[in-house]
Each structure stands twice: as structure tokens, then as C-alpha cells.
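What follows is each chain in one-letter form.
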Amino acid sequence: MDIRIGITHGGRELSVEIDDEAAEDAAASLEGALSGDETVLWLTDRSGRRVGVPIDKLAYLELGPAGDRRIGFAAD
């Protein structure tokens, strides 16, 4: 699963790819952070690296299936 995070006053978005099994945990972590229980949203990517985003800097969050990213002029 692919997670794209927009950060306020940031020129770029943060992209984190997680295992599909961890998607429910990521959604629960987001809900907990948005409800005021936590101040930092922590996610763990496929490589085991942890990414923390302060909730007060969160502009948007997009969850979706990981797709193939094409570069160049590929004909369908």
C-alpha cells in the first residue's frame, strides 16, 4: 500500500510504501493521532524504517494501492 502525506508549508509530499497487512495499523494510528491521543503519526515502511510526522503539520493523507510507476513514453 502506498501512503502519500502532505505537510503544511512543505514544497513536496512524503511517500511511504507499507505492507498491505500493515494498512489497518496505519489507519488506526492515524485515527488515534487525529483524535488527540498522540502528537506524532508514526509509520513503518517496507524496509523497517520508521517515519514520524507531527500531527499539527499534517495537510493531507492519501491511502491507496501501490501501483506500478511508469517513467518515460510507454505505449499501452
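Nothing here was measured: the structure is a model prediction, and the numbers come from that model.

*Asks:* Residue-level account of the overall build of the protein chain, with values.
*Replies:* A count of helical and extended segments in the protein chain gives one helix and five strands. The helix and strand sequence of the protein chain, counted from the amino end, reads β-β-α-β-β-β. When each of the 76 residues of the protein chain is scored for burial, the buried share is 28%. Summed over all atoms, the accessible surface of the protein chain reaches about 5600 Å², with 49% contributed by carbon and sulfur.

*Asks:* Just give me the short version of the pattern of salt bridges, but keep the residues and values in it.
*Replies:* All chains considered together, the criterion is met by five salt bridges. A salt bridge links Glu17 to Arg46; the shortest N-O distance between them is 3.2 Å. Of this pair, Glu17 sits in strand 2 (residues 13-17) while Arg46 sits in the loop between strand 3 (40-44) and strand 4 (50-54); the two residues are 29 residues apart in sequence, bridging distant segments of the chain. Salt bridges sharing partners connect three or more residues here, namely Arg4, Glu13 and Glu62.

*Asks:* So, the side chain of Ser29: which residues are in play, and what are the values?
*Replies:* As for its placement among the helices and strands, Ser29 is situated in helix 1 (residues 23-34). Ser29 gets classed as buried once you look at its relative accessible area, which sits at 15%. Setting aside residues up to four positions removed in sequence, Ser29 forms contacts with Glu38, Leu41 and Trp42.

*Asks:* Pulling in residues and values, what's your account of the pairing of strand 1 (residues 2-7)?
*Replies:* Across five bridges, the pairing between strand 1 and strand 2 is antiparallel. What sits directly across from Ile3, in strand 2, is Val16. The hairpin turn running from strand 1 into strand 2, its antiparallel successor, is five residues long, and His9 in that turn takes a positive phi close to 60 degrees.

*Asks:* With reference to specific residues and values, describe the sheet that holds strand 2.
*Replies:* One open sheet holds the three strands; their spatial order is 2-1-5, and the pairing between them is antiparallel. The open sheet has two free edges, formed respectively by strand 2 and strand 5 (58-64), since each of these has just one partner strand. On average, each strand axis in the sheet is inclined to that of its neighbour by 15 degrees, with strand direction left out of account.

*Asks:* Any chance you could break down the nonpolar core for me, citing the residues and the numbers?
*Replies:* Side chains that are nonpolar tend, in soluble globular proteins, to be buried together. The biggest cluster of nonpolar side chains holds 15 residues, and the ones touching the most others in it are Ile3, Ile5, Ile18 and Leu43. Breaking this core down by element, the ones donating at least two residues are strand 1, helix 1, strand 3 and strand 4. Here this core takes four residues from helix 1, the largest share from any one element. The residues contacting Ile5, other than those within four sequence positions of it, are Glu13, Leu14, Leu43, Val53, Leu58, Tyr60 and Leu61.

Conventions and cut-offs
Residues numbered from 1 in each chain as written. Predicted model: local features only at pLDDT ≥ 70, side-chain atom pairs only at ≥ 80, totals over all residues. Heavy atoms only, no water. Helix = DSSP H or I, 4+ residues; strand = E, 2+ residues; numbered from the N terminus. Buried < 20%, exposed > 50% of the residue type's maximum accessible area, 1.4 Å probe, protein only. Areas by Shrake-Rupley, 256 points an atom, 1.4 Å probe, with all protein chains shown as cover. Salt bridge = Lys/Arg side-chain N within 4 Å of Asp/Glu carboxyl O. Contact = heavy atoms within 4.5 Å. Pairing = 2+ DSSP bridges. Axes fitted to C-alpha atoms, helices over the stretch in contact; angles between N-to-C directions. Core = buried A, V, L, I, M, F, W, Y, C linked by side-chain atoms within 4.5 Å.

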